[in-house]
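Each chain is listed here by its residues.
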Amino acid sequence: MSVATRDVDTHCPYCALQCGMTLRVGADGGGLPEVVERTGFPVNKGALCGKGRTAAEVLSRGVRLTEPLVRGADGVLRPAGWEEALDRVAEGLLRARAGHGRDAVGVFGGGGLTNEKAYALGKFARVALRTSQIDYNGRFCMSSAAVAQNKAFGLDRGLPFPLADVARTGCVILVGSNLADTMPPSLRYLTELRENGGTLIVVDPRRTRTAEQADLHLQPRPGTDLALALGLLHLVVAEGRLDEDFVRRRTSGWDETLPAVMAHWPELVERITGVPVPRLRQAVAMFCDARESMVLTARGPEQQAKGTDTVGAWINLCLATGRAGRPLSGYGCLTGQGNGQGGREHGQKADQLPGYRKLDDPAARAHVAAVWGVDPDDLPGPGRSAYELLDALGRDIRALLVMGSNPVVSAPRAGHVTERLQSLDFLAVCDVVLSETAALADVVLPVTQWAEETGTTTNLEGRVILRRKAVDPPAGVRSDLEVLEGLAERLGCDKGFPADPEEVFGELRRASAGGPADYSGITYERIAAHDGVFWPCPAPEDGDDGDDGEAAGDGTPRLFLERFATPDGRARFTPVHHRPSAEEPSPDFPYHLTTGRVLAQYQSGAQTRRVAELNEAAPGPFVQLHPRLAGLLGVADGDPVAVTSRRGRAVAPAMVSPAIRPDTVFMPFHWPGEGRANLLTNPALDPSSRMPEFKVCAVRVERA
Ligand SMILES: Nc1nc2c(c(=O)[nH]1)N[C@H]1C(S)=C(S)[C@@H](COP(=O)(O)OP(=O)(O)OC[C@H]3O[C@@H](n4cnc5c(=O)[nH]c(N)nc54)[C@H](O)[C@@H]3O)O[C@H]1N2
Ligand SMILES: Nc1nc2c(c(=O)[nH]1)N[C@H]1C(S)=C(S)[C@@H](COP(=O)(O)OP(=O)(O)OC[C@H]3O[C@@H](n4cnc5c(=O)[nH]c(N)nc54)[C@H](O)[C@@H]3O)O[C@H]1N2
Ligand code: SF4
Ligand SMILES: [Mo]
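Residues numbered from 1 in each chain as written. Chains lettered and ligands numbered in written order. Predicted model: local features only at pLDDT ≥ 70, side-chain atom pairs only at ≥ 80, totals over all residues. Heavy atoms only, no water.

### Observations concerning the overall build of the protein chain
Then, in step 1: Across its full length, the protein chain carries 22 helices and 30 strands.
Then, in step 2: Computed over its C-alpha atoms, the radius of gyration of the protein chain comes to 24 Å, within 12% of the 27 Å expected for a compact globule of 704 residues.
Then, in step 3: Overall, the protein chain is about 70 × 65 × 65 Å in size when its C-alpha atoms are taken along their principal axes.
Then, in step 4: Split into buried and exposed, the 704 residues of the protein chain put 64% on the buried side.
Then, in step 5: Sequence separation of 24 or more characterises 73% of the internal contacts of the protein chain that already satisfy a separation of 6 or more. (Helix = DSSP H or I, 4+ residues; strand = E, 2+ residues; numbered from the N terminus. Rg over C-alpha atoms; globule rule 2.2 N^0.38 Å. Buried < 20%, exposed > 50% of the residue type's maximum accessible area, 1.4 Å probe, protein only. Contact = heavy atoms within 4.5 Å.)

Quick look at the structure:
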């Protein structure tokens, strides 16, 4: 018997690769949709990791929220109707504002939200709440690379070229990315690179599954990538491999940059990083002998209190060797969250307006205020960064709305952040599940997710793609857009908070028009016709939607080929010096702790910990340590290990493995409870990106 089904093309709800997938839905709409291959989408060509393959399970009624929850006088969360719940939220926000001023209300967003939601949330904060206090979890993600790219290139788009270009270059240095675990289908491009005769260099303190693919694995001490990049550039100069012609024609600032480079001679860099000089020379030879080469960074070098300078140093290496601004060469950042790219472009960041405009730029304020129908002078100024905002809870900020993040698990110094959340007068959380943060809220609003709603995201390539609604949500949930609509109405704001995503996207297009991230020429139809559209994509002059052959239908896949986006068209070198991590090992805390991810869990685990297959594959936290260190501590594989930093103590089973440096331990951060890695991490912030130092702090390690 054949049962009629309907296929809907969409994308995975999780990481920035935004793999294409098809959802097969029963004709009666009942049951969970089946995830099937969508080979036509060029980025993943049908391949999915286990998270994507099982994503439909999080749609099931059993694991998710299906009605609003309101905390009663007895302190217990109990089910409530939507009217009561929204009234309570509006009341909580208004009371904080009345008692303590507009900036006493905070908003915390997420890089997993669609462009439409991120845009609406930023507008809601500035226009309905009129608070400056909005930021989001993307600050914890790629913000250092964003600042560095803006400085060097005048524009921040994670990859300035399609991912497929990676397979056709000559050499890739992959710095602190474990994409075999974090974006598995992208591994194919590295395999193809090597099949095509190219070489791969991986920089990671651990010999990860990604590092195992490399022709050369450099295994530095955590927090020393800046010295490493300077050391490589020193050798480039010393060995006469500088591309003087490129430096002269297409860059500025080299003369100011050179002295710091020359101060990082190879033996010094070996001492700082632990990477032997011959390995440094080998890396330079591989990178420079190739006709084209790329540097790709991810969270390893970026999540440091000097992440911006570190990325700047890797960009300097590309510029000095002429590996930028031409086909198949360049620097790129592998953004992380599903909408890590678009989420940082449309205004949920503390200093930002839609279209990647700056909140302190009068022309930008005037443009966006006109779209919003408000007076530019009524728009608040820039607010605090994510950790600083969380740190101010219960003090300057008295009420908070969270949409799309679970900071109880994912924020640095999470014990302190949890206390701050508990000290609020009022906390509202919109989520699909009862996350650890939602469990602390006064009101929890259950929202629809990817397959139940339509919206766009922008993947790590800057490709704007469309997720389509495939199934109806449970009766008791509403979309984030409907929540904002309902709250704006209760706050007495009539500035337009439509719940229809395509209507919001239309407004986003107008708001972004003329900005660095210009989406004005992108429509849902155009996305569907071209497997996504790369921004910038201005609307054609004649005002139609750009499918008349005037502009390439897929927007701008490759940037900077003729000029960089700086005022003079030249890329800028940044003079940078190496400096130690905020916390270096000491007699009391003799080891480095670094943190990161495992294949089967996603982020704070709020979604993936609810999927049985993923939980079996990755059931809980662990402390990865070298056999030599394990021997020294008398610890065997599986023994409970206590890791203590100046912020707290966490306990998890030992995972003894020769894949890590003996002076370093690694913990994944996906779990709450006593194994919560973020009880330990250091909230020391990068001075310009305000990125916390997730990737390195000093710890003591003992048998528990
Ligand atoms: N399975 C899975 N996939 C994911 C996610 C997930 O949670 N789970 N999250 C998504 C998101 S939001 C992001 S941001 C990306 C992150 O993707 P990645 O950046 O690949 O992930 P991480 O594991 O955080 O860090 C990468 C590597 O950095 C190394 N590292 C640690 N310290 C240093 C250092 O000082 N220098 C260098 N060079 N390397 C260092 C770690 O050993 C680790 O192997 O993954 C995305 N994909
Ligand atoms: N120690 C350590 N800590 C880290 C990192 C690290 O490497 N080491 N990495 C950092 C990085 S790169 C990141 S990106 C952060 C991420 O950390 P979080 O911000 O905690 O990210 P998620 O776990 O993805 O949280 C998203 C929450 O939103 C919910 N959600 C999903 N979709 C929607 C939606 O459409 N609407 C709403 N309202 N809710 C939704 C999910 O159920 C989940 O509860 O963690 C950071 N923390
Ligand atoms: S790699 Fe990322 S986008 Fe692709 S299936 Fe896995 S989690 Fe989803
Ligand atoms: Mo991230």
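Read on, since the account is not over.
### Things to note about the pairing of strand 30 (residues 697-703)
Then, in step 1: When strand 23 (residues 591-596) meets strand 30, the two strands line up antiparallel, connected through three bridges. Paired with Y591 across the strands is V699, a residue of strand 30.
Then, in step 2: Sheet topology note: the strand 25 (residues 640-644)/strand 30 ladder contains four bridges and is antiparallel. When the sheet's bridge partners are listed, V643 is paired in strand 30 with V701. (Pairing = 2+ DSSP bridges.)

### Describing the packing of aromatic side chains
Then, in step 1: Applying the stated rule across the entire model yields twelve aromatic pairs.
Then, in step 2: Measuring from centroid to centroid gives 4.9 Å for W254 and F573, while their planes differ by 50°, and the two rings are tilted. Pair noted here: W254 is in helix 9 (residues 254-263) and F573 is in the loop between strand 22 (571-572) and strand 23, with a separation of 319 residues, a long-range link.
Then, in step 3: Classification of W254 as buried rests on a relative accessible area of 10%.
Then, in step 4: Judged by relative accessible area, which is 6%, F573 ranks as buried.
Then, in step 5: Measuring from ring centre to ring centre gives 5.3 Å for F505 and Y524, while their planes differ by 40°; the resulting arrangement is tilted. Highlighted residues: F505 in helix 19 (residues 501-512) and Y524 in helix 20 (residues 524-529), separated in sequence by 19 residues.
Then, in step 6: Look at Y524 and you get buried, because its relative accessible area is 7%.
Then, in step 7: Against the face of F666 rests R206, its NZ or CZ located 3.6 Å from the ring centre. (Phe/Tyr/Trp six-rings, centres within 6.5 Å; stacked < 30°, edge-to-face > 60°. Lys NZ or Arg CZ within 6 Å of the ring centre and 35° of its normal.)

### A look at the site of ligand 1
Then, in step 1: Lining the immediate environment of ligand 1, one finds 33 residues, of which D204, D225, R597, Q601 and Q603 sit closest.
Then, in step 2: Between R597 and ligand 1, the recorded distance is 2.6 Å, taken from a side-chain N or O atom to an oxygen atom.
Then, in step 3: Relative to its unbound accessible area of 910 Å², ligand 1 is 99% covered by the protein chains.
Then, in step 4: Put simply, ligand 1 lies in the second largest cavity.
Then, in step 5: Looking at which domains feed residues into the shell around ligand 1, each of domain 2 (143-334) and domain 3 (591-703) supplies at least three. (Near = heavy atom within 4 Å. Polar contact = N/O pair within 3.5 Å; in protein donor to acceptor, adjacent residues only side chain to side chain. Areas by Shrake-Rupley, 256 points an atom, 1.4 Å probe, with all protein chains shown as cover. 1 Å grid on protein atoms, 1.4 Å probe; cavity = no way out; pocket = protein on both sides within 12 Å on 5 of 7 lines; lining within 4 Å. Sits in = over half its atoms within 2 Å of the grid points. Domains from an automatic or database assignment.)

Purely spatial values, then, with no claim about function.
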